[in-house]
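Residues per chain, in single letters:
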Protein chains: 2
Amino acid sequence: MASDIEIARKAGIKPISEIAENLQIPFDKLELYGKYKAKLPLDLIDSEKAREGKLVLVSAISPTPAGEGKTTISIGLSEGLNRIGKQTTVVLREPSLGPVFGIKGGATGGGYSQVIPMEDINLHFTGDFAAIEKANNLLAALIDNNIQNNGRSLNIDPRTVHWKRVMDMNDRSLRNIIVGLGGTTSGIPRETGFNITAASEIMAILCLAEDFHDLKERIGNIFVGYTFDKKPVFARDLNAQGAMAALLKEAIKPNLVQTLESNPAIIHGGPFANIAQGTNSVLATKMGLSLSDYVVTEAGFGFDLGAEKFLDIKCVSADLKPQAAVLVATVRALKYHGEVPVPDLNNPNVEAVKQGIENLEKHVENMRKFNVCPVVAINRFVSDTDEEIAVVKEKCKELGVKVAVADVWAKGGEGAEELAHLVAEAAESCTSEMTPLYDWNWSVEKKIETIAKEIYGAKAIDYTAQAKKDLKVVEELGLGNKAVCIAKTQKSLSDNPKLLGRPENFVVTVREIEIAAGAGFIVPITGNIMRMPGLPGTPAAENIDIDDDGVISGLF
Amino acid sequence: MASDIEIARKAGIKPISEIAENLQIPFDKLELYGKYKAKLPLDLIDSEKAREGKLVLVSAISPTPAGEGKTTISIGLSEGLNRIGKQTTVVLREPSLGPVFGIKGGATGGGYSQVIPMEDINLHFTGDFAAIEKANNLLAALIDNNIQNNGRSLNIDPRTVHWKRVMDMNDRSLRNIIVGLGGTTSGIPRETGFNITAASEIMAILCLAEDFHDLKERIGNIFVGYTFDKKPVFARDLNAQGAMAALLKEAIKPNLVQTLESNPAIIHGGPFANIAQGTNSVLATKMGLSLSDYVVTEAGFGFDLGAEKFLDIKCVSADLKPQAAVLVATVRALKYHGEVPVPDLNNPNVEAVKQGIENLEKHVENMRKFNVCPVVAINRFVSDTDEEIAVVKEKCKELGVKVAVADVWAKGGEGAEELAHLVAEAAESCTSEMTPLYDWNWSVEKKIETIAKEIYGAKAIDYTAQAKKDLKVVEELGLGNKAVCIAKTQKSLSDNPKLLGRPENFVVTVREIEIAAGAGFIVPITGNIMRMPGLPGTPAAENIDIDDDGVISGLF
């Protein structure tokens, strides 16, 4: 079997101008980045089409080490829809560069369901992450400069600054650092750290912004810390928003690339799905809907995390309404939820599938709470037996939910035609309208409780003393009416990563609440959320190479 | 008078494909970055043409707060040469982003001698700096990861690691930091810091590399530090060079933009002129020479710094030979060298010009030591009197050197026609061949002494105890036959920034010697070299803005 990069390289990649032509984008609107990538100017967005187009959300059961293949299914489904005559664009998140050098080699789908050029998309792409990094770090420099500079100081208490710098690199040594050493001319020493760029609030902001005006306003709203006399300080107090937004002048524009089957793909933005909304930009989604009849998009981690945020934060904020939602499951992952250890996942085990399927069941129930029409996609692996697949199909029948087996990794769009038919049927016959789970105007506690009980299945919520203090701060800052973006482990429906399947009778503990006032949400933290990964013992970087002709190898 | 950004915006900017067409670049070779920028693939370089073309180096007298305008003259001269029928490309360094938010607003020339689109060039441009930053910081992450990871450890002694992270931001708080705090899973605590990206050895390497092969070899040669048992560790020991070079896949390609008068400009790379070679990339220079008859290029700071390195490091390394060299001077700067304080520089003062002109005299002498044909360009300011200019002309006549007044800021290429004629005359009648000042095979001490005595005018060299130790290390590592890149203040020909004019009888003190084994030179440090600037009391960032249509203001 060829590796992903080999398959990608053998594909007959077309000039991006051809892909754009198929979308009826005039050539002079295209902002080319080399021959195979382009940025799309925002005036290509047609608000009416964006409201009316068919939006299909791809999510998954709770992630396991077995892998679910959400991105691969999204790409394959998009190919499948195009094959059955539905003009479709797949709209995805941009991969983060840091992890490329760590364990995995890339994040652009796999096998015969990929977006290309994969080397470019996985490395710097069109520079969006670099721009976000720079905007984030400019604010950090302005904060420390203001602290250093007594003359025009805002009197910021350095101990209260929670704004961190970011770098798109797996670099654990930057998690906790002390800056400002070296004497009076080199800053005021203080504790801080770096997050990976995808965890930046700027990323969340960029992905929710509707235009430059909104972008600047959101940036200005970023909460930085307090003055020594306990007054809140925002980015606008540092006059930071203009320069920061200027740094995002190009990054705000969605990027057009193509799939292996020469269909359009828009790839833009990549916020985390725990501390942020976990989905591509509002502008990318609207761009896709403006240019094609169907948009297939995905949200990070399981339905309880990325999809809940997609629906309650992104859709509410941007007035988007998906007509169908796909829940990706694999037999291997269901066996893992049925307590089969990783080394045994390739062995047939019908009983384990039966046990683990309760995880799928709960996610399907959750989908219905939003009034979206669910379709289950079984992402086929070679080791799956017919009996195991029959168990999943049987359960779906029992739940009254459409189900299809998809084999997109080995077959591309051809492997997703059945799924595509079901999704098109669901989207076109969908009479219900998506309804968010909560009203942003509810109290913070009610919003948290609703998500935790309805979606996670918790029996109660507990707040630590710190979280209670933080709740008061949220109210003091007038942010009680913002969306709630719960940071929780993706490994379980509960806040305990060890509880697989469908946990019950658990209490969710809110440890603290962070504020993302610019993004427009608050972040109740229910566990240890890793915001700066490290490199493994043998980093993937060691095997990445470029030859004398500039051809890259070692991305996979 | 319109501001730079206003002039730039009013200019009838042409699609970059038109500029490329004039250079006979086939459209399909062009890697567009939007409509007005393009990367040029390396196979457009014609080694023979690169050796034979007319290369004109623009340098300056010792910089003063009065400003010399080297970039502006380079652009204006290039316009002038094109006007008099010499097909010319101006080849410049890329501006660093950090300082844009500090005091100055941009670095793309000024008035009617600019390269455009100036907002893009001054902000992220085509992502080269971001890529260099990432490659640099990947090595840092791999180093700290190796230190953390005892299993496959190289046994690196963290106290000996001198490789720093970089960020293209004026951020003084990052100069001296402690990383790796937070317990056993978050690295080994150690002292380190960030430099600004232009100071990265990767920048120096990229600007000297001839191709991907050479790039990778140079990166592999980077000296990282020592093991606990005192063995040297290089980047290749971490298998870092492949992934780092892969990150530079696009950054290695020169960027094509245009001047205000629609002439071609290649802008690529931007290393410091003290700790590095201070000039654009070898590949950019060769690209320019391959595509046009003349190339005008510049080197940072005064002739003693950037130009000396241009000639002794870049030209020797890449087998380039400039046919003419322009020394930019201003009456204001000469008055400053004649001890006039800044507030009085606009007042006529013939005597001060006479006194300060000894600085120009020394630089002209230095130019002749390299056997390049010198031309003096007086960059005209409104405050200059005819009498003051006459003093400069008189001195040039006495020195037997061609001189022209250029008024490129107000008049663009029209203001540089006289200069262009002189430069073309010099380049075309030049019978001598540029000879470097020293042979790389000489001993380190002899090389340092030759530069310091011949170029700076020092009477002797002193080495601190540290520098003597460092000399031994250089020899132990087998780097004695590398070029010497002296880091010295740009403000004086001596190593004391306060000695203006033409200092004599001074001793140059080498305080320490750094190793840039990848770049292929060693760096004797003779003063405090700032590698991470700070922001001023009122950062320029506060006035930078972007409007609802995405139009940027506040860059000037």
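Residue positions are given per chain, counted from 1 along the sequence in the order it is written. Numbering of ligands from 1 and lettering of chains from A proceed in the order in which they are written. It should be noted that, the model being predicted, local features are given only for residues of pLDDT at least 70 and side-chain atom pairs only at 80 or more, the latter also being counted only at that level, while totals for whole chains, interfaces and linings use all residues. Working from all heavy atoms in the structure, the side-chain values ignore hydrogens and water.

(A) The domain arrangement of chain A, seen in detail. All names here are of chain A. As assigned here, chain A comprises domain 1 (4-126 + 251-429), domain 2 (129-226) and domain 3 (444-525). Domain ranges listed in this record stem from an automatic or a database domain assignment. On a C-alpha basis, the centres of domain 2 and domain 3 stand 25 Å from each other. For this analysis, residues touch if any pair of their heavy atoms sits within 4.5 Å. At the junction of the two partners, domain 2 supplies 10 residues and domain 3 supplies 9 residues. Buried area is a sum: the accessible area each of two parts loses on coming together, probed at 1.4 Å, counted once for each and added. At the boundary of domain 2 with domain 3, total buried surface from both sides reaches about 670 Å², with 60% on carbon and sulfur atoms.

(B) How the structure looks around empty space enclosed by the protein. With a 1 Å grid laid over protein atoms only, a set of points is called a cavity when a 1.4 Å probe fits there but cannot get out and a pocket when it is open yet has protein on both sides within 12 Å along at least five of seven lines; lining residues have an atom within 4 Å of a point. Grid points are joined across faces, edges and corners, and a volume is the space filled by probe spheres set on the points. Tallied over the full model, the rule gives 6 cavities of 30 Å³ or more. The space that makes up the largest cavity amounts to roughly 460 Å³. Taken together, 36 residues line the largest cavity, and the ones lying closest to its centre are Thr126(A), Gly127(A), Tyr33(B), Thr126(B) and Gly127(B). To qualify as a helix, a DSSP run of H or I must reach at least 4 residues; to qualify as a strand, a run of E must reach at least 2; elements of each kind are numbered from the N terminus. Those elements giving two or more residues to the lining of the largest cavity turn out to be α5 (118-122), α6 (128-148) and α9 (241-247) of chain A together with α5 (118-122), α6 (128-148) and α9 (241-247) of chain B. Three categories are distinguished: nonpolar for Ala, Val, Leu, Ile, Met, Phe, Trp, Tyr, Cys and Pro, charged for Asp, Glu, Lys and Arg, and polar for the others, with Gly belonging to the last. Within the lining of the largest cavity, the residues separate by chemical class into 17 nonpolar, 6 polar and 13 charged.

(C) Main features of the interface of chain B and chain A. On the chain A side, the residues contacting the 73 residues of chain B number 73 residues. The salt bridge criterion pairs a side-chain nitrogen of Lys or Arg with a carboxyl oxygen of Asp or Glu, the two atoms within 4 Å. For the interface between chain B and chain A, the tally reads 8 salt bridges. The partner of Asp120(A) in a salt bridge is Lys249(B), with the nearest N and O atoms 3.3 Å apart. Polar contact criterion, stated in full: a pair of N or O atoms within 3.5 Å, where within protein one must be able to donate a hydrogen and the other to accept it, and residues adjacent in sequence count only if both atoms are side-chain atoms. Joining chain B to chain A, the criterion identifies 37 residue pairs in polar contact (both at pLDDT 80 or more). Sorting the residues of the side of chain B that touches chain A by element identifies β1 (31-32), α6, β8 (177-179), α8 (212-220), α9 and β24 (545-546) of chain B as the ones contributing at least two each.

(D) Local environment of the packing of helix α13 (residues 350-369) of chain B against helix α14 (residues 386-399) of chain B. Residue and element names in this part refer to chain B. Fitting a line to C-alpha atoms yields each axis, with helices limited to the stretch in contact; the angle taken between N-to-C directions then spans 0 to 180 degrees. Running from N to C, α13 and α14 cross one another at 35 degrees; their axes reach a closest spacing of 10 Å. For α13 against α14, the interelement crossing comes out right-handed. Listed contacts from α14 to Val350, Val353, Lys354, Ile357, Leu360, Glu361, Val364 and Arg368 of α13 are Glu387, Glu388, Val391, Val392, Lys395, Cys396 and Leu399. Taken together, the residues of the contact of α13 with α14 sort by class into 9 nonpolar, no polar and 6 charged. Note on convention: the crossing is left-handed when the near helix lies turned anticlockwise from the far helix by less than a right angle, right-handed when the turn is clockwise.

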